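# Observations on the model geometry
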Amino acid sequence: MYVRDAKNRDEAWLLDWIEEAEIGDPAFRSRDYVIALNEETSRKAGFGRIRSHSDDDETFCELALVFTLPVWRNQGVGAHVIERLVAEAADEQHETVHVFTTDPGYFTMFGFKPQESAQLDSHIKTRFRTARENRESDDDQLVALSINTDELSIPQQMRERFKQARPSDEPAEGEVVIEETAEDFGIDPTETTYKYDTG
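Residues numbered from 1 in each chain as written. Predicted model: local features only at pLDDT ≥ 70, side-chain atom pairs only at ≥ 80, totals over all residues. Heavy atoms only, no water.

For the protein chain, an unreviewed UniProt entry supplies the name N-acetylglutamate synthase related acetyltransferase and the organism Haloquadratum walsbyi J07HQW2.

In structure tokens form, the structure reads like this:
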């Protein structure tokens, strides 16, 4: 498994999953994303992006999106997407990365620290209010967190899981997979032309 920058050819896949997950990205550009994938099969496992927000002379970096496909969850995929994005933020000269989430416990595992909304800089507070309006519900309260880019820490067990990650819909090692054939459905492949014959 590894994480790479998204390419133009990934755009349709990204848009499909963004829609499927009901995330929404009003400033979508595929080149802003990173994608986690299996290096042997090239099967994609998750994705994410950061966004830089500018307000007059001030700029801040937001970890805007991290998503793991359901069949790849609990295997360290999201952790490694976050690691790659925080490294990119550091490369872009951001010292701090902010995230607004309804699941703060997930991010505190990596060293993110909760921030009191009243203590946020004005431009960050404005973005936090917007995120609250769009994502907060009666059951899920949005929390602001941040981390210095040099303080991110990925737990070792997540690193190990990521190395061995495999989708839950893939057969276990040594498991025999019986593929269904046309005959299993009562179709004689010697007489049926699949292109036109439905039945």
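Relative to the helices and strands, Ser30 resides in the loop between α1 (11–20) and β2 (33–37). On the basis of relative accessibility, which here comes to 4%, the residue Ser30 falls in the buried class. Residue contacts for Ser30: discarding those within four places in its chain leaves Ala6, Lys7, Asn8, Glu11 and Leu14. (Helix = DSSP H or I, 4+ residues; strand = E, 2+ residues; numbered from the N terminus. Buried < 20%, exposed > 50% of the residue type's maximum accessible area, 1.4 Å probe, protein only. Contact = heavy atoms within 4.5 Å.)

Time to look at the sheet that holds β2. If you trace the 7 strands from one edge of the open sheet to the other, you get β1-β2-β3-β4-β5-β7-β6, paired in mixed fashion. The sheet is open, and its two edges are formed by β1 (2–5) and β6 (113–115), each paired on a single side. Within the sheet, the average angular offset between the axes of one strand and its neighbour, ignoring direction, is 30°. For strand β3 (residues 44–55) and strand β4 (residues 58–68), the ladder comprises 10 bridges, and the chain directions are antiparallel. Counterpart to Asp55 in the pairing with β4 is Glu58. (Pairing = 2+ DSSP bridges. Axes fitted to C-alpha atoms, helices over the stretch in contact; angles between N-to-C directions.)

Before going further, it helps to examine the pattern of salt bridges. For the structure on display, the rule yields 11 salt bridges. Note that Arg4 and Asp10 form a salt bridge whose closest N and O atoms lie 2.8 Å from each other. Residue Arg4 shares its accessibility class with Asp10, and that shared class is buried. With a closest N to O distance of 3.5 Å, Arg84 and Glu88 form a salt bridge. (Salt bridge = Lys/Arg side-chain N within 4 Å of Asp/Glu carboxyl O.)

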